[in-house]
Amino acid sequence: MIFNAVRNQFFSFGEQSPSILSRHKMSIFDFFKKRELERIAQLEKLFESYSPIIDIDNEMVSRRKDLSDMISKREELSANYNWGHETSTRLKKNRSYRIQA
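For every chain, the first residue of the written sequence is number 1, and numbering continues from 1 along that sequence. Two thresholds apply to this predicted model, a pLDDT of at least 70 for residue-level local features and 80 or more for giving and counting side-chain atom pairs, whereas whole-chain, interface and lining totals are computed over all residues. The basis for every side-chain value is the complete set of heavy atoms in the structure, and neither hydrogens nor water enter the calculation.

Novice: What is the right way to read the overall build of the protein from this model?
Specialist: A helix here means a DSSP run of H or I that spans at least four residues, while a strand means a run of E at least two residues long, and both kinds are numbered starting from the N terminus. Secondary structure assignment for the protein yields two helices and zero strands. Three labels apply to residues, based on accessible area from a 1.4 Å probe with only protein chains included: buried if under 20% of the type maximum, exposed if over 50%, partly exposed otherwise in between. Taken over 101 residues, the protein has a buried fraction of 1%. Areas reported here follow the Shrake-Rupley algorithm with a probe of radius 1.4 Å; residue values treat only the protein chains shown as occluding. Surface accessibility of the protein: about 10000 Å² in total, with carbon and sulfur atoms responsible for 61%.

Now the structure itself:
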């Protein structure tokens with residue numbers, strides 16, 4: 001008797017009860033949801049594999065900025081060194097001139 005009732009619900013050619021339809025719809029949605037979550041996980045792994053490349057671009061920009069800062073600092077130090085060297089040379093000349101005089 002129970003077997004017949006179950007068989008009639010699943011194999012009837014008429015309209016199915018709303019509970020069976022909703023169970024089928026829910027199982028389809030669950031299936032798609034599961035596939036969607038698996039795909040999201042795959043894309044996250046792919047993103048993680050490409051994130052160093054993105055970081056390289058950011059690193060390149062920051063390194064270029066650091067390089068330009070170092071170049072400007074070097075030019076400033078070079079100018080200060082040249083000024084100090086010229087001053088030292090003039091003082092040595094003045095000292096040697098005073099010693100001779």
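Read on for the rest.
Novice: Help me understand the pattern of salt bridges in this model?
Specialist: Where charged atoms of side chains with opposite charge meet at close range, the side chains can pair. A pair is scored as a salt bridge if a Lys or Arg side-chain nitrogen falls within 4 Å of a carboxyl oxygen belonging to Asp or Glu. Taken as a whole and assessed by the stated rule, the structure comprises two salt bridges. In this structure, the salt-bridge partner of Arg63 is Glu59, at a minimum N-O distance of 2.8 Å. One end of the pair is Arg63 and the other is Glu59, both in helix α2 (residues 18-100) and four residues apart, which spans about a single turn. Close ionic contact of Lys65 with Asp69 constitutes a salt bridge, the shortest N to O distance being 3.4 Å. Within this pair, Lys65 and its partner Asp69 are both found in helix α2, separated by four residues, close to a single helical turn. We classify Asp69 as partly exposed; its relative accessible area is 38%.

Novice: Hey, could you run me through a nonpolar patch on the surface in this one?
Specialist: To count toward a patch, a residue needs a relative accessible area over 30% and no salt bridge; like charges are then connected within 9 Å, while nonpolar side chains (Val, Leu, Ile, Met, Phe, Trp, Tyr) are connected within 5 Å. On the surface, Leu43, Leu46, Tyr50 and Ile53 cluster together to form a nonpolar patch covering roughly 380 Å² of accessible area. Checked against the element boundaries, Ile53 lands in helix α2. The exposure class of Ile53 is partly exposed, given its relative accessible area of 46%.

Function cannot be read off these values alone, since they describe shape.
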